[in-house]
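Here are the chains, one letter per residue:
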2 protein chains.
Amino acid sequence: MGEFQIENNIRVLRFQNGEMTQDELAQKAGVTRQTINAIEAAKYSPSLELAFKIAKVFDEPFENVFQYTKE
Amino acid sequence: MGEFQIENNIRVLRFQNGEMTQDELAQKAGVTRQTINAIEAAKYSPSLELAFKIAKVFDEPFENVFQYTKE
DNA sequence: ATATAGTGTAACATTTATTTTACATATCCG
DNA sequence: CGGATATGTAAAATAAATGTTACACTATAT
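Can you break down the overall build of chain A residue by residue, with the values?
In terms of helices and strands, chain A carries five helices and two strands. The N-to-C order of helical and strand elements in chain A reads β-α-α-α-α-α-β. Since a compact globule built from 71 residues should have a radius of gyration of about 11 Å, the 12 Å found for chain A is in line with a globular shape. Principal-axis analysis of the C-alpha atoms places the extent of chain A at approximately 35 × 20 × 20 Å. By residue count, 37% of the 71 residues in chain A fall in the buried class. Across chain A, contacts joining residues at least 24 apart in sequence account for 59% of those joining residues at least 6 apart. Between the mean site of the 8 positive side-chain charges and the mean site of the 11 negative ones, chain A shows a separation of 6 Å.

Describe the protein's contact with DNA strand C, and please don't skip the residues or the numbers.
Lining the immediate surroundings of DNA strand C are 18 residues, of which A:Gln22, A:Arg33, B:Gln34, B:Thr35 and B:Tyr44 lie closest. Residue A:Gln22 places a side-chain N or O atom 2.8 Å away from a phosphate oxygen belonging to DNA strand C. At 3.4 Å from a phosphate oxygen of DNA strand C is found a main-chain nitrogen or oxygen belonging to B:Ser45. Looking at the surface near DNA strand C, the elements that each hand over two or more residues are α1 (10-16) and α3 (33-40) of chain A together with α3 (33-40) of chain B.

Any chance you could break down the interface of chain A and chain B for me, citing the residues and the numbers?
Between chain A and chain B, the residue contacts involve 16 residues of the former and 16 residues of the latter. Carbon and sulfur atoms make up 76% of the surface buried where chain A meets chain B, a total of about 1,500 Å² over both sides. A per-residue breakdown of the area chain A buries against chain B is headed by A:Leu48, A:Phe52 and A:Tyr68, which together make up 43% of the total. At the boundary of chain A with chain B, the tally comes to zero salt bridges. Taken together, the elements giving at least two residues each to the side of chain A that touches chain B come down to β1 (4-8), α4 (48-57), α5 (62-65) and β2 (66-70) of chain A.

Summarise the packing of aromatic side chains; cite the residues concerned and give the values.
Under the criterion given, the structure shown has 11 aromatic pairs over all chains. Pairing A:Phe52 with B:Phe62 gives two aromatic rings, centres 6.2 Å apart and planes at 55 degrees, and the pair type is tilted. Of this pair, A:Phe52 sits in helix α4 while B:Phe62 sits in helix α5 (residues 62-65), which puts the two residues in different chains. Taken together, A:Phe4, A:Phe52, A:Phe62, A:Phe66, A:Tyr68, B:Phe4, B:Phe52, B:Phe62, B:Phe66 and B:Tyr68 form an aromatic cluster joined through their ring pairs.

Quick rundown of the protein's contact with DNA strand D? Include the residues and the values.
Near DNA strand D you find 18 residues, and of these A:Gln34, A:Thr35, A:Tyr44, B:Gln22 and B:Arg33 are the closest. Across the atoms of DNA strand D situated within 4 Å of the protein, the share located in sugar and phosphate is 58%. For DNA strand D, a phosphate oxygen lies 2.7 Å from a polar atom in the side chain of A:Thr35. A distance of 3.4 Å separates a phosphate oxygen of DNA strand D from a polar backbone atom of A:Ser45. Where the surface near DNA strand D is concerned, the elements lending two or more residues are α3 of chain A together with α1 (10-16) and α3 of chain B.

Residues and numbers for the side chain of A:Gln22, please.
Position of A:Gln22 among the secondary structure elements: in helix α2 (residues 22-29). With sequence-adjacent residues up to four places away left out, A:Gln22 is seen in contact with A:Arg11, A:Arg14, A:Arg33, A:Ile36, A:Asn37 and A:Glu40.

Requested: an account of the nonpolar core, with residues and values cited.
Grouped together as the largest cluster of nonpolar side chains are 40 residues, with contacts concentrated most on A:Ile54, A:Phe62, A:Phe66, B:Ile54, B:Phe62 and B:Phe66. Here this core takes seven residues from helix α4 (residues 48-58) of chain B, the largest share from any one element. Excluding its chain neighbours within four sequence positions, the residues that come into contact with A:Phe66 are A:Glu7, A:Asn8, A:Ile10, A:Pro46, A:Ala51, A:Ile54, B:Leu48 and B:Phe52.

What counts, and where the lines are drawn
- Residues numbered from 1 in each chain as written.
- Chains lettered and ligands numbered in written order.
- Predicted model: local features only at pLDDT ≥ 70, side-chain atom pairs only at ≥ 80, totals over all residues.
- Heavy atoms only, no water.
- Helix = DSSP H or I, 4+ residues; strand = E, 2+ residues; numbered from the N terminus.
- Rg over C-alpha atoms; globule rule 2.2 N^0.38 Å.
- Buried < 20%, exposed > 50% of the residue type's maximum accessible area, 1.4 Å probe, protein only.
- Contact = heavy atoms within 4.5 Å.
- Lys, Arg positive; Asp, Glu negative; His and termini not counted.
- Charge placed at Lys NZ, Arg CZ, Asp CG, Glu CD.
- Near = heavy atom within 4 Å.
- Polar contact = N/O pair within 3.5 Å; in protein donor to acceptor, adjacent residues only side chain to side chain.
- Buried area = accessible area lost by both parts, 1.4 Å probe.
- Salt bridge = Lys/Arg side-chain N within 4 Å of Asp/Glu carboxyl O.
- Phe/Tyr/Trp six-rings, centres within 6.5 Å; stacked < 30°, edge-to-face > 60°.
- Core = buried A, V, L, I, M, F, W, Y, C linked by side-chain atoms within 4.5 Å.

Here's what the structure looks like:
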């Protein structure tokens, strides 16, 4: 069925960017820390807009933060 | 306020890919044609998963289909 | 020891995306 | 003309993302 899944590198990117906390990232992206927590934990994936905002916080190309990978 | 906005090139890409209809794209992406119509008309933006699926239908890099642009 | 920061999680409410059904219009072809 | 195809749109329902509030756990610092 769902042979592709969405993955992200948020956790790694947070630490690569001055050990940014979930709350800092949340504030910079304009959401709550629970939302960042849930996305990191892959409980669900962000909206397209939030995904773009997160990539922008890290100043990274979109596909460097989110990937749509097989299995 | 929202100084950035999400844009997409779905309409152009449909025609560049054999004049694919909204319904064809919808079926290949696993959604209804009304969803594709709404996204093309920018009534709302797709979920991250659907955005990835659409880029995959066109075999295009993600940022070639969706952009987060200023103004 | 206790206070603080960072994190995981959960229930409930609200907002947004998507489906379903349905109707309207325009074009193209017989 | 009449039928088929592609598109725009809308209301109501469901699903998914996000907010709010709250509690628990760990580590670290005072």
